[in-house]
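One letter stands for each residue in the lines below.
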Amino acid sequence: MSIQKPSLPKGTRDFGPSQMAKRNFILDTIKDTFKLFGFQQLETPSMENLSTLTGKYGDEGDQLLYKILNSGDFLKNVKEEHLQEGVSAVLPLLAEKGLRYDLTVPFARYVVMNRNDITFPFKRFQIQPVWRADRPQKGRYREFYQCDADVVGTDSLICELEIILMIKRVFAKLGLTDYSIKLNNRKILTGLSEVIGESGREGELCVAIDKLDKIGWEKVQEELSQRGFSSASIEKLSPIIQLNQNNLSKLEFLKSFLASSETGLKGIAELEEVFGLLETYGENQSNIDFDVVLARGLSYYTGAIFEVKVNNVSIGSVSGGGRYDNLTGVFGLEGVSGVGFSFGVDRLYDVMEELGLFPESNMDRTKVLISYFDEKGYAYGLMVLSKLRGAGISSELYPDQTKMKKQITYADKKDIPFVLVLGDNEISERKVSLKDLKTGIQELMDLSTAVEKLKQSL
RNA sequence: GUGAUUGUAGCUCAGCUGGUUAGAGCGCUGGUUUGUGGCACCAGAGGUCGCCGGUUCGAACCCGGUCUUUCACCCCA
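Residues numbered from 1 in each chain as written. Chains lettered and ligands numbered in written order. Predicted model: local features only at pLDDT ≥ 70, side-chain atom pairs only at ≥ 80, totals over all residues. Heavy atoms only, no water.

**Considering the pattern of salt bridges**
Then, number 1: Tallying each qualifying case throughout the model produces 22 salt bridges.
Then, number 2: A salt bridge links arginine 365 to aspartate 415; the nearest nitrogen and oxygen atoms lie 3.6 Å apart. Of the two residues, arginine 365 is situated in the loop between α14 (345–355) and β12 (368–372) and aspartate 415 in the loop between α16 (404–413) and β14 (418–422); the sequence distance between them amounts to 50 residues.
Then, number 3: With a relative accessible area of 29%, arginine 365 lands in the partly exposed category.
Then, number 4: For aspartate 415, a relative accessible area of 31% translates into the label partly exposed.
Then, number 5: Where salt bridges share partners, they join Arg13, Arg23 and Asp346 into one cluster. (Salt bridge = Lys/Arg side-chain N within 4 Å of Asp/Glu carboxyl O. Helix = DSSP H or I, 4+ residues; strand = E, 2+ residues; numbered from the N terminus. Buried < 20%, exposed > 50% of the residue type's maximum accessible area, 1.4 Å probe, protein only.)

Shown next, in the form of structure tokens:
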């Protein structure tokens, strides 16, 4: 076999020790927060039956699904006539499994399969990778982690409140301050399409209007008229586009704008209630931005819609979610309403890296390295090692008998702040020499004293 | 899926209109220092120039394909 340069599949990454330390910092923060709010963890398999996945994400989504080739003779069911019918006829014969595309659909599947054992309302969180076969670019990977928290089986707007609170907590813990939680309600968008005389077309309206930030009002108008919206309808939208006030005045304005739409008013009422709950809870409206033109594409949202953007960075949204009335309907369980959202860890990582928010020193490093010169030191060192670990101090013994220089260099490279030197003097006096690599100071002391010093120094 | 873009040492990058043996800095290994890292000095290792093919007397350089990187569109975390 010839030697080959190893490489990674497009859009995937390794995470080395220093990256993992940072990722865990984010992951742990999110996990703690979910738990604090009473969510319980769920994990589902990386692969699902393809039939579970297909048809849930639209035509484009289906194309982005990774399909898993059947084991064994995967061609055995394929006949000539299938080949002539094209890919869509052949695919189900070749692959019956696929990699999960998000965490929401597997969750819905789980809820349906376990409906008799689940106590509703069910609050679950799930932190696992998902896979999408699209072209990688900035902040977009083919394998990435999602951190979902969903509540199913209740219409209560407390859930919306809790989502906002969790986002605020996570961001505060991560040290992110300049961000906005964009908030809207699908019912408001429905109302909007009714009021401008294009009722039932809020889907298309959303797709176009969602780009306002990116391409501007002019271009959005163009797109709308290309999609067949009348110029009169488009004209009616313009006061909405120019809305630029605080959340409450925006709500007031829309109350009159949407006066003729029952659905629209319902959306407003829901949002008002969420703001009310926020105040009752004792939290302010900082970082929360009612954004009338926020329109996340996913077709299943029916109520609140969220999206979180960090300002002044080149990464897109780092979190998003919303309420869906009938998540489990496609799997035969009707009437289960839910609301959920997701953090994109990989994007949060990129954002924090761009803003330089990670602490400088390695976050989970060994505290002390034990170095020695000979067999005697090796044995003495093992005893010391056991004492250190017993005291909860993260420590290691240099595995090979080698020069002091090499051992200390190792500690230095690994960012280990302390070295215990064990030579003949130390052994005969039953003591240790503790060297602080930062200051270079080395002192002879009892092991118990060293343990205390190491415990104190964070 | 569409349109661009990138690829030379472990890393960041030089490399002239195509011309002998492809360079630098950092890093790495060893030494100056057989009980001590960072600093300094000395020495050394390390490259199928992404891959395949073509043009040419001759290709890192030109052409085609392919993979990869990055970016935009679509869509999305």
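Let us keep going from here.
**Overview of the protein's contact with RNA strand B**
Then, number 1: Taken together, 41 residues lie near RNA strand B, and Arg132, Lys138, Arg140, Lys413 and Leu437 sit nearest.
Then, number 2: In RNA strand B, the atoms that sit within 4 Å of the protein are 48% sugar and phosphate, with bases accounting for the remainder.
Then, number 3: Between RNA strand B and arginine 132 there is a distance of 2.5 Å, counted from a sugar or linking oxygen to a side-chain nitrogen or oxygen.
Then, number 4: Sort the elements by how many residues they give to the surface near RNA strand B and α16 lands first, with seven residues.
Then, number 5: When its residues are assigned to classes, the surface near RNA strand B shows ten nonpolar, twelve polar and 19 charged. (Near = heavy atom within 4 Å. Polar contact = N/O pair within 3.5 Å; in protein donor to acceptor, adjacent residues only side chain to side chain. Nonpolar A, V, L, I, M, F, W, Y, C, P; charged D, E, K, R; others polar.)

**Describing the packing of aromatic side chains**
Then, number 1: A full pass over the atoms with the stated rule returns 14 aromatic pairs.
Then, number 2: Geometrically, the ring pair formed by phenylalanine 34 and phenylalanine 341 is edge-to-face, given 6.2 Å between the ring centres and 90 degrees between the ring planes. Note that phenylalanine 34 is positioned in helix α1 (residues 17–36) and phenylalanine 341 in strand β11 (residues 338–344), a separation of 307 residues in sequence. Residue phenylalanine 34 shares its accessibility class with phenylalanine 341, and that shared class is buried.
Then, number 3: Taking 5.1 Å as the distance between ring centres and 75 degrees as the angle between the ring planes, the aromatic pair formed by phenylalanine 341 and phenylalanine 343 counts as edge-to-face.
Then, number 4: For phenylalanine 341, a relative accessible area of 3% translates into the label buried.
Then, number 5: Ring-pair connections join several aromatic residues into one group, and the members of that group are Phe34, Phe39, Phe125, Phe171, Tyr179, Phe341 and Phe343.
Then, number 6: Note that arginine 13 overlies the ring of tyrosine 141, its terminal NZ or CZ placed 3.5 Å from the centroid.
Then, number 7: The ring of phenylalanine 107 has arginine 124 lying over it, and the distance from NZ or CZ to the ring centre is 3.9 Å. (Phe/Tyr/Trp six-rings, centres within 6.5 Å; stacked < 30°, edge-to-face > 60°. Lys NZ or Arg CZ within 6 Å of the ring centre and 35° of its normal.)

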